[in-house]
Amino acid sequence: MTAEEITAVLEQELADAIAGADSGGMHPHVWVTAVRLHDVMQFLRDDSRLQFNMLRCVSGVDGPASNEIDVVYDLLSMQPAVSELWRARHAFAVKVRLDRANPHVPSVADLWPTADWHEREAYDLFGIVFDGHPDSIKDHDGLHPQRILCPDDWVGYPLRKDYVFPDEYHGIPGKLEAVPPGPG
Amino acid sequence: MAKLTDKMVEGQPDLLADLDAETLATDDLLTEEMLVNMGPQHPSTHGVLRILLRTDGEVVREATPHIGYLHRCAEKIGENVAPFQFIPTTDRLDYLAAMNNNQTFSVAVEQLVGIEVPERAVTIRILMAELNRIASHLVSLGAYGLDMGAFTPFLYAFRERERIMDLFEAACGARLTYSYITIGGVTMDLPDGFTDACREFLEYLEPKIHEYNQLLSYNQIFIKRAGGVGVISAADAIAWGLTGPCLRASGVRWDLRRCMPYEGYEQYDFEVPIGLPQGGEPPVPPGVPQPRVPRGVVVGDCWSRYFVRVIEMYWSVHLVRQALDRLRPGEHKAKLPRSLKLPVGEIYFEGENPRGQLGFLVIGDGSPVPSRVKVRGPSFNNLSITSHVCRDCLLADVPAIVGSIDIVMGEVDR
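Report follows, based on the coordinates. (Residues numbered from 1 in each chain as written. Chains lettered and ligands numbered in written order. Predicted model: local features only at pLDDT ≥ 70, side-chain atom pairs only at ≥ 80, totals over all residues. Heavy atoms only, no water.)

All names here are of chain B. Of all the ten residues making up strand 7 (residues 356-365), nine are buried; the element is thus mostly covered by neighbouring parts of the structure. Where strand 6 (residues 344-353) and strand 7 come together, ten bridges link them in antiparallel fashion. By the bridge assignment for strand 7, Glu350 is matched with Gly359. The pairing of strand 7 with strand 8 (residues 372-376) spans five bridges and is classified as antiparallel. The partner of Leu361 across the bridge, within strand 8, is Lys374. Hairpin connection of strand 7 to strand 8: six residues between the antiparallel strands, including Gly366 at a positive phi of 95 degrees. (Buried < 20%, exposed > 50% of the residue type's maximum accessible area, 1.4 Å probe, protein only. Helix = DSSP H or I, 4+ residues; strand = E, 2+ residues; numbered from the N terminus. Pairing = 2+ DSSP bridges.)

Residue and element names in this part refer to chain B. Where helix 5 (residues 98-113) meets helix 6 (residues 119-147), the axes come as close as 8 Å, and the angle between the chain directions of the two elements is 140 degrees. Looking at the two axes, helix 5 sits oblique to helix 6. The way helix 5 lies across helix 6 gives a crossing that is left-handed. In this structure, helix 5 contributes Ala98, Met99, Asn100, Gln103, Ser106, Val107 and Glu110 to the contact, and helix 6 contributes Arg125, Ile126, Met128, Ala129, Asn132 and Arg133. Grouping the constituent residues of the contact of helix 5 with helix 6 by class yields six nonpolar, four polar and three charged. (Axes fitted to C-alpha atoms, helices over the stretch in contact; angles between N-to-C directions. Parallel < 35°, antiparallel > 145°, perpendicular 65-115°, else oblique. Left-handed = near helix turned anticlockwise from the far one by under 90°. Contact = heavy atoms within 4.5 Å. Nonpolar A, V, L, I, M, F, W, Y, C, P; charged D, E, K, R; others polar.)

All names here are of chain B. Applying the stated rule across the entire model yields two cavities of 30 Å³ or more. Within this model, the largest cavity holds a volume of roughly 60 Å³. The wall of the largest cavity is formed by Pro273, Ile274, Gly275, Leu276, Pro282, Val293, Trp303, Ser304, Phe307, Val308 and Ile311. By volume, the second largest cavity amounts to about 30 Å³. A class-by-class count of the residues in the lining of the second largest cavity yields four nonpolar, one polar and three charged. (1 Å grid on protein atoms, 1.4 Å probe; cavity = no way out; pocket = protein on both sides within 12 Å on 5 of 7 lines; lining within 4 Å. Points joined across faces, edges and corners; volume = space filled by probe spheres on them.)

Another aspect to go through is a nonpolar patch on the surface. A cluster of nonpolar residues, Leu146, Phe151, Leu155, Tyr156 and Leu215 of chain B, forms a patch on the protein surface that exposes about 440 Å² of accessible area. Taking relative accessible area as the criterion, Leu155 of chain B reaches 47% and is therefore assigned partly exposed. (Patch = residues over 30% accessible without salt bridge, like charges linked within 9 Å, V, L, I, M, F, W, Y side chains within 5 Å. Areas by Shrake-Rupley, 256 points an atom, 1.4 Å probe, with all protein chains shown as cover. Salt bridge = Lys/Arg side-chain N within 4 Å of Asp/Glu carboxyl O.)

Quick look at the sheet that holds strand 1 (residues 18-22) of chain A now. Residue and element names in this part refer to chain A. With respect to topology, five strands assemble into an open sheet ordered 1-2-5-4-3, the strand pairing being mixed. Whereas interior strands pair on both sides, the edge strands pair on one side only; in this sheet they are strand 1 and strand 3 (54-63). Going across the sheet, the axis of each strand differs from the next one's by a mean of 20 degrees, ignoring polarity. For strand 2 (residues 29-32) and strand 5 (residues 87-99), the ladder comprises four bridges, and the chain directions are parallel. The residue bridging Val32 from the neighbouring strand is Val96, located in strand 5.

When you line up the elements, Asn100 of chain B lands in helix 5. Those residues in contact with Asn100 of chain B that lie beyond four places of it in its chain are Ala129, Asn132, Arg133, Glu352, Asn353 and Pro354 of chain B.

The subject of this paragraph is the interface of chain B and chain A. By a widespread convention, an interface's size corresponds to the accessible area lost as its parts come together. With 42 residues of chain B at the interface, the matching set in chain A holds 37 residues. With both chains or domains summed, chain B and chain A bury close to 3500 Å², and 65% of this area falls on carbon and sulfur atoms. Joining chain B to chain A, the criterion identifies five salt bridges. Glu121 of chain A is the partner of Lys374 of chain B in a salt bridge, and the nearest nitrogen-oxygen pair spans 2.9 Å. Here chain B is connected to chain A by 16 residue pairs in polar contact (both at pLDDT 80 or more). If you tally residues by element for the side of chain B that touches chain A, the top one is strand 6 of chain B, at four residues. (Buried area = accessible area lost by both parts, 1.4 Å probe. Polar contact = N/O pair within 3.5 Å; in protein donor to acceptor, adjacent residues only side chain to side chain.)

Residues and elements named next belong to chain A. Turning to its location among the elements, Val9 is positioned in helix 1 (residues 3-13). Along the sequence, Val9 and Arg100 sit 91 residues apart, while their C-alpha atoms lie 30 Å from each other. Excluding anything up to four places from it in sequence, Val9 contacts Met1, Phe43, Arg49 and Leu50.

Residues and elements named next belong to chain A. Compared with an ideal rise of 1.5 Å per residue, which puts twelve residues at 16 Å, helix 3 (residues 115-126) spans 15 Å between its outermost C-alpha atoms and is within 8% of the ideal. Counting buried residues along helix 3, twelve of its twelve residues qualify, which places the element largely inside the surrounding structure. Listed in full, the buried residues belonging to helix 3 are Ala115, Asp116, Trp117, His118, Glu119, Arg120, Glu121, Ala122, Tyr123, Asp124, Leu125 and Phe126. Immediately downstream of helix 3, the backbone of Gly127 shows phi near 75 degrees, a positive value. (Expected span 1.5 Å × (residues − 1).)

Residues and elements named next belong to chain B. Relative orientation of the contacting elements helix 8 (residues 194-217) and helix 13 (residues 302-326) amounts to 160 degrees, with a least axis distance of 10 Å. In terms of their interaxial angle, helix 8 and helix 13 are classed as roughly antiparallel. The two elements helix 8 and helix 13 cross, and the hand of that crossing is left-handed.

Okay, structure coming up:
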């Protein structure tokens, strides 16, 4: 199916969840409201016309100018074949726009287990909280997925545009100026 | 009872003397769960990977990978430099396949900007990418043998890889981080005598692959260690986002070079090998001894993942030969402005790397520096299935499974 057809199917079946679409560009996608994201993703995976069986990538995109943060889900539908080459049915992307101060979106790790690590990474680097994530912990930041790339006690979300690198971490200087002058 | 006392050291007090046979029998069977830390510095974790194992005797109840020891926030670098300047960072993602990383990122940016790459440049790129695929699979093959206790194949594999490194060094001066393939083409044309040296190497390598099969692939000890271990079903492989040889070993005939062709791969003749049950005959190029899957192998097990890479080496040799035949004189690089402005727009592009599908999401905002570069590392996704596969397997199988997934931590941690 072409991107236009996929968009049309979604707008027909889940009209209230679709907040916009761009099916013309190089990266065709629909905008989905955060509360309905899980329904849309489930539909994309299970509908017989769409069958997006592979979640390729989950990316956070920070937009401090508009005080918004986006999550981009890249999906791929692979058509099975017996003893022949599988065919690529279609590729599509789903985007959801969140409030930068308090970004919350439902987890899709129950639909595609690969989302588990991707969502942990998006929390780690962007601070996006995926509600219902299977590997969540509760601390002073509330209930959120575990960090994955940074240490558990890291402060801040490094891929946010306004992130300031810490001066020190457990006695390790974070900036060149902070390095104490050595002998000589 | 007699058995237990037999083992005791003479002269030591018999601690079990007061216990009756029944208590002894149950105590002997009961095991205590134990947490075992595998890594971050463990020879079989291929870099700085730590796997926390909850073991019950010899059985692993839970395996939790802890990653991030090599995290350098490459994506932050990507949104602070121009795409040309990001190429050296892509070298350091999957540092065993730097050419393929360069190629995938370049194609992503070229498609975003709309750059036409000269034909000669495309051919050189495929040549280099496939050579690098061989080099990467050689490391994988050798290191996997090492994990399974076979030292010799490792040395042989590195001997062959050395010659590929020499070819790359002749082309671009570097032996590991090439930055050779760049946006618009390749940084410099091939040196004189490269094609002859390359052909000579292929003639040398092809019979060697058969040798590896006889030395390692069909080795009974190796089959016993890797065959039927860590089986991943096709459905699981897709659900966990596995790509590359790990996906194909589960019986999924999927290769981006064929299924969603880029760089003109559709004009090349090659087959996509998949994991086969015992007695299966994977397709190989003409003139090569027909390999056969031995007894004790199941589709989707560690041995299949290993063997798919071996067969892919045959096809990469075949592809390099075709690329050499296609080389015509011409430009090696498109004429580009010194400061390349990215349009307002975005692209998500995936290329078939030796370890799977490397993806780049590049978002341009009209300036020369992208506003976002997201890297989807194939090893990151492939590794995420570890805890699922390692559940209830034997402790000794954990290195076999992790080794067969063939991860490069530079790409997992980025």
